[in-house]
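Residue-level structural notes
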Amino acid sequence: DAGVIQSPRHEVTEMGQEVTLRCKPISGHNSLFWYRQTMMRGLELLIYFNNNVPIDDSGMPEDRFSAKMPNASFSTLKIQPSEPRDSAVYFCASRGGSGETQYFGPGTRLLVL
Amino acid sequence: DAKTTQPTSMDCAEGRAANLPCNHSTISGNEYVYWYRQIHSQGPQYIIHGLKNNETNEMASLIITEDRKSSTLILPHATLRDTAVYYCIVKSYGQNFVFGPGTRLSVLP
């Protein structure tokens with residue numbers, strides 16, 4: 001299995017631009033999670049989906065952030081407009097079946113100038 | 001309040017066992033102990049989890065005390081590639097993972 005796939009791996013953009021991060025979960029997994037990691041705040045859960053439906057988005061910092069999961073094999077996290085404080089590593093994780101273990105992707109390193 | 005307490009950092013000699021402690025004195029009966037690690041510039045990697053009994057897999061062993069108030073992750077023969085931040089997480093079924101600062105393990109040659 002290829003594991004969780006994220007793209008791009010690195011993104012550098014200017015303040016005010018729209019940023020779209022992409023995630024392909026492990027095939028057959030029915031839950032998908034978006035996390036953000038910074039030095040100051042550590043690893044934080046932003047939102048998660050069960051069977052493509054958003055369940056808990058309480059971690060989404062503000063309305064500039066949105067996430068979608070149009071099908072079981074693809075999710076996006078969008079930031080519009082981006083700000084320098086959004087600079088972080090964004091991880092996607094997926095989980096399958098009745099288990100609780102989450103499997104993380106390699107992350108997208110975002111730098112907003 | 002944090003559910004777990006871990007040392008900030010530890011060193012271990014290559015080839016020796018690395019024993020990483022975790023205190024979770026307020027753990028509830030239905031909460032599991034999970035361990036993840038994060039190697040530099042990579043995503044967190046699942047290692048092992050347990051409820052009451054000691055667990056072993058190809059990566060590590062998890063020893064949980066009888067009162068469940070603490071646990072130890074054991075890497076039996078640490079290698080340089082085991083240098084990482086190790087997270088001990090306590091959660092019940094359906095709860096989200098909450099990652100603390102973890103323990104930064106340095107395996108020294």
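Details of the structure are given in the entry above.
These remarks concern the structure in this document. Since the structure is predicted, the reported quantities are computational estimates derived from the model, not experimental observations.

1. Comments concerning the packing of aromatic side chains
For any two aromatic rings, the description comes down to two numbers: the centre-to-centre distance and the angle of the planes. Inspection of the entire model under this criterion finds 14 aromatic pairs over all chains. Ring plane angle 40 degrees and centroid distance 5.1 Å describe the contact between Tyr35 of chain A and Phe104 of chain A, whose orientation is recorded as tilted. One end of the pair, Tyr35 of chain A, is in strand 4 (residues 31–38); the other, Phe104 of chain A, is in strand 10 (residues 103–104), and 69 residues separate them in sequence. Relative accessible area serves as the criterion here: at 0%, Tyr35 of chain A is assigned to the buried category. With centroids separated by 5.3 Å and ring planes inclined at 90 degrees, the aromatic side chains of Tyr87 of chain B and Phe99 of chain B adopt a geometry described as edge-to-face. Placement of the pair is Tyr87 of chain B in strand 8 (residues 84–92) and Phe99 of chain B in the loop between strand 8 and strand 9 (103–108), with a sequence separation of 12 residues. You'll find Tyr87 of chain B and Phe99 of chain B in the same group, each marked buried. Members of the aromatic cluster, joined through ring pairs, are Tyr35, Phe91, Tyr103 and Phe104 of chain A together with Tyr32, Tyr34, Tyr36, Tyr46, Tyr87, Phe97 and Phe99 of chain B.

2. Some words on the interface of chain B and chain A
Contact with chain B, which involves 18 residues of that partner, is made by 16 residues of chain A. Surface buried jointly by chain B and chain A totals about 1,300 Å² across both partners, of which 49% is contributed by carbon and sulfur atoms. For chain B, the biggest contributors to the area lost against chain A are Asn96, Phe97 and Phe99 of chain B; these three give 34% of the whole. Viewed at the interface, chain A and chain B are joined by one salt bridge. Between the two partners, chain B and chain A, sit five residue pairs in polar contact (both at pLDDT 80 or more). Counting residues per element, the ones that place at least two in the side of chain B that touches chain A are strand 3 (31–38), strand 4 (45–50) and strand 8 of chain B.

3. Details of the state of the cysteines
Disulfide: a covalent bond connecting the sulfur atoms of a pair of cysteines. Residues and elements named next belong to chain A. Under the defined criterion, the tally for this structure stands at two disulfides over all chains. Across the disulfide, Cys23 is cross-linked to Cys92 (sulfur-sulfur distance 1.8 Å). Taking the sign of the S-S torsion, about -70 degrees here, the bridge from Cys23 to Cys92 comes out left-handed. Here Cys23, found in strand 3 (residues 19–24), pairs with Cys92, found in strand 9 (residues 88–95); they are 69 residues apart in sequence, far enough to count as distant. You'll find Cys23 and Cys92 in the same group, each marked buried.

What counts and what doesn't
- Residues numbered from 1 in each chain as written.
- Chains lettered and ligands numbered in written order.
- Predicted model: local features only at pLDDT ≥ 70, side-chain atom pairs only at ≥ 80, totals over all residues.
- Heavy atoms only, no water.
- Phe/Tyr/Trp six-rings, centres within 6.5 Å; stacked < 30°, edge-to-face > 60°.
- Helix = DSSP H or I, 4+ residues; strand = E, 2+ residues; numbered from the N terminus.
- Buried < 20%, exposed > 50% of the residue type's maximum accessible area, 1.4 Å probe, protein only.
- Contact = heavy atoms within 4.5 Å.
- Buried area = accessible area lost by both parts, 1.4 Å probe.
- Salt bridge = Lys/Arg side-chain N within 4 Å of Asp/Glu carboxyl O.
- Polar contact = N/O pair within 3.5 Å; in protein donor to acceptor, adjacent residues only side chain to side chain.
- Disulfide = S-S within 2.5 Å.

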